[in-house]
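# Analysis of the macromolecular model
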Amino acid sequence: MATIFTRIASGEIPSFKCAEDENYYAFLDINPLAPGHTLVIPKHIEDDYIFNLDESTYQGLWAFARKVALAIKATVPCKRVGVAVLGMEVPHTHIHLVPLQSEGDMDFRKSRPVVTDEEKKQIAESILKEYEKL
Ligand code: AMP
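Rules behind the numbers
- Residues numbered from 1 in each chain as written.
- Predicted model: local features only at pLDDT ≥ 70, side-chain atom pairs only at ≥ 80, totals over all residues.
- Heavy atoms only, no water.
- Near = heavy atom within 4 Å.
- Polar contact = N/O pair within 3.5 Å; in protein donor to acceptor, adjacent residues only side chain to side chain.
- Areas by Shrake-Rupley, 256 points an atom, 1.4 Å probe, with all protein chains shown as cover.
- Helix = DSSP H or I, 4+ residues; strand = E, 2+ residues; numbered from the N terminus.
- Nonpolar A, V, L, I, M, F, W, Y, C, P; charged D, E, K, R; others polar.
- Expected span 1.5 Å × (residues − 1).
- Buried < 20%, exposed > 50% of the residue type's maximum accessible area, 1.4 Å probe, protein only.
- Arc of directions from axis to C-beta.
- Contact = heavy atoms within 4.5 Å.

## Observations concerning the site of the ligand
Around the ligand, 16 residues are found, and the nearest of them are Asp29, Glu89, Val90, His94 and His96. In the model, an oxygen atom of the ligand is placed 3.0 Å from a nitrogen or oxygen of the Gly87 main chain. If the ligand stood free it would expose 500 Å²; the protein chains cover 88% of that surface. At the level of secondary structure, the elements contributing two or more residues to the shell around the ligand comprise helix H1 (4-9) and strand S2 (24-28). Looking at side-chain class alone, the shell around the ligand contains 10 nonpolar, four polar and two charged residues.

## Overview of helix H3 (residues 117-133)
The first and last C-alpha atoms of H3 sit 25 Å apart over 17 residues, in line with the 24 Å expected at 1.5 Å per residue. Within H3 the residues assigned to the buried category are Lys120, Ile123, Ala124, Ile127, Leu128, Glu130 and Tyr131. Mapping the buried residues of H3 onto a view down its axis gives an arc of 165°, with all of them on the same face. Opposite the packed face of H3, turned more than 90 degrees from it, sit the exposed residues Lys129, Glu132 and Lys133. Of the surrounding secondary structure, the elements contacted by the buried residues of H3 are strand S1 (17-20), S2, strand S3 (38-42) and helix H2 (55-75).

What follows is the structure, encoded as structure tokens:
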């Protein structure tokens, strides 16, 4: 059975798309640590543990994540973009990219800011625009 993230990448489940290529997809986290918190996934590989990925998919995922992080930094006000890999909740490899003002923004236990769907739509569109320039 397809994972929820595979169904998001195929468009079956809606998402706020930030970037896409043939093999990878990036979209806003539904419950962000900060506005612009983005998830990056391989589209066709559902293994839930990043270090199980084959070398080529693994390298490609990080190269794609780098471009998405550059696009986030270009449009979301932040000091830098933090990276985390957890996978405790969704069993489909994903990288978290989180715009940071301070170290505390990376605390997954903290209460989350309210980001409306309209705000998410605008943020995702501007990240996508920056990504397409790269
Ligand atoms: P983890 O598996 O621990 O890395 O966390 C999974 C992340 O996926 C959490 O930050 C969730 O908020 C996020 N998430 C779960 N379902 C969705 C969804 N349908 N769209 C976007 N993000 C999601």
